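Residue-level structure breakdown
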Amino acid sequence: MSEVVTSEMVVRPLSDAMGAEIIGVDAANMIDADFERLRDALHEHIMLAVRDQALDPASQTAFAKRFGEIQYHINSEYKMKDQPEVLILSTEVVDGKNVGIPDAGSDWHSDHSYVDRPTAYTILQSVVVPEHGGDTEWTNMVMAYETLSDDLKARIEGLIGIHSFNRARNPRWSRVSRHKDPDEYYNRVSPPDAFHPIVRTHPATGRKALFVSPRFTIGIKEMDDTEAQPLLDALFAHIDNRDFVYHHKWRPGDLVLWDNRQTLHLACGGVKPPEVRRMHRTTVLGEIPA
Ligand code: SIN
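Residues numbered from 1 in each chain as written. Predicted model: local features only at pLDDT ≥ 70, side-chain atom pairs only at ≥ 80, totals over all residues. Heavy atoms only, no water.

This structure, assessed with the given rule, holds one cavity of 30 Å³ or more. Taken as a whole, the largest cavity spans an internal volume of roughly 50 Å³. Taken together, Q71, Y72, H73, K79, P84, E85, V86, L87, H112, R281, T282 and T283 make up the full set of residues lining the largest cavity. Breaking the lining of the largest cavity down by element, the ones donating at least two residues are β6 (83–90) and β19 (278–285). Broken down by element, the lining of the largest cavity gets its largest block of residues, four residues, from β6. Its residues placed into classes, the lining of the largest cavity shows four nonpolar, five polar and three charged. (1 Å grid on protein atoms, 1.4 Å probe; cavity = no way out; pocket = protein on both sides within 12 Å on 5 of 7 lines; lining within 4 Å. Points joined across faces, edges and corners; volume = space filled by probe spheres on them. Helix = DSSP H or I, 4+ residues; strand = E, 2+ residues; numbered from the N terminus. Nonpolar A, V, L, I, M, F, W, Y, C, P; charged D, E, K, R; others polar.)

Attention shifts here to the environment of A64. Structurally, A64 can be placed in helix α2 (residues 57–65). Residue A64 is classed as buried on the basis of its relative accessible area of 0%. Along the sequence, A64 and E85 sit 21 residues apart, while their C-alpha atoms lie 9.2 Å from each other. Residues within four places of A64 in sequence aside, it is in contact with I70, I123, T282 and V284. (Buried < 20%, exposed > 50% of the residue type's maximum accessible area, 1.4 Å probe, protein only. Contact = heavy atoms within 4.5 Å.)

Paired through their backbone hydrogen bonds, the strands of a sheet run either parallel or antiparallel. Judged by pairing direction, the sheet is antiparallel, and its three strands sit side by side in the order β12-β11-β15 without closing on themselves. Edge strands, defined here as strands with exactly one partner in the open sheet, are β12 (194–197) and β15 (217–220). If you compare each strand with its neighbour and ignore which way they point, the axes differ by 35 degrees on average. As defined by bridge partners, strand β11 (residues 160–163) adjoins β15 across three bridges and the pair is classed as antiparallel. Residue pairing for β15: H163 is matched across the bridge by T217. (Pairing = 2+ DSSP bridges. Axes fitted to C-alpha atoms, helices over the stretch in contact; angles between N-to-C directions.)

As structure tokens, this is what we get:
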């Protein structure tokens, strides 16, 4: 069979801030040329919604591996038993037990920024999409960096953020938690702190982006909290700008990809039983941020 070189792939921007939808591809069976176009589009648009896909966990894993090495989540409870590359995010409760993480991503964050090599790409396959609620937002951290005042840009030059999974050490935590003893849980499961430049440069595009988040950035290296926390507050206030945000209402069959080096994201929640939301998430290991 001869290779099909042309494709029907359409890339259509979704908002002024970021994001594009992709029509006319089968993510499970892409020729290399199409895959490269898709990856280039991801670097350019930061988030892609590939329409009308139904990747099963094995195909989703194989698709993710085309981007690089799989990054496994620290939570083993909700990794798929026979396909641990896939993490289940779900509001379903069966026999009184959650079948997946019910509230993943409920604060702005970049995936796995609490380890030395944070996630480059996240791939989220919609499996059950509710009629109401369950939307996701992404914010453009390149735009956020570029629109900082000269003063803030100068103040953060060369600074290193401290990232931790441990909510109990995050001064911005509201203390709302589904864990019975959240302090015990976070102290037990959290890996050691990770240290990343507050401004990072994308290895493919050369763009600079802010790399801090209210969920995982808990301080600034070698800076007292009396100075660090107000500086982080100023950055978080700057990021809190709807002009940078794309709000996604999921459609059945959406396979969404994003480049964590250029964006934060937020699961908006709001799914009310008996409606259910189920997503399958796979993450791809990134480089040490620089
Ligand atoms: C995540 O934070 O990785 C999940 C986002 C979502 O479920 O909308």
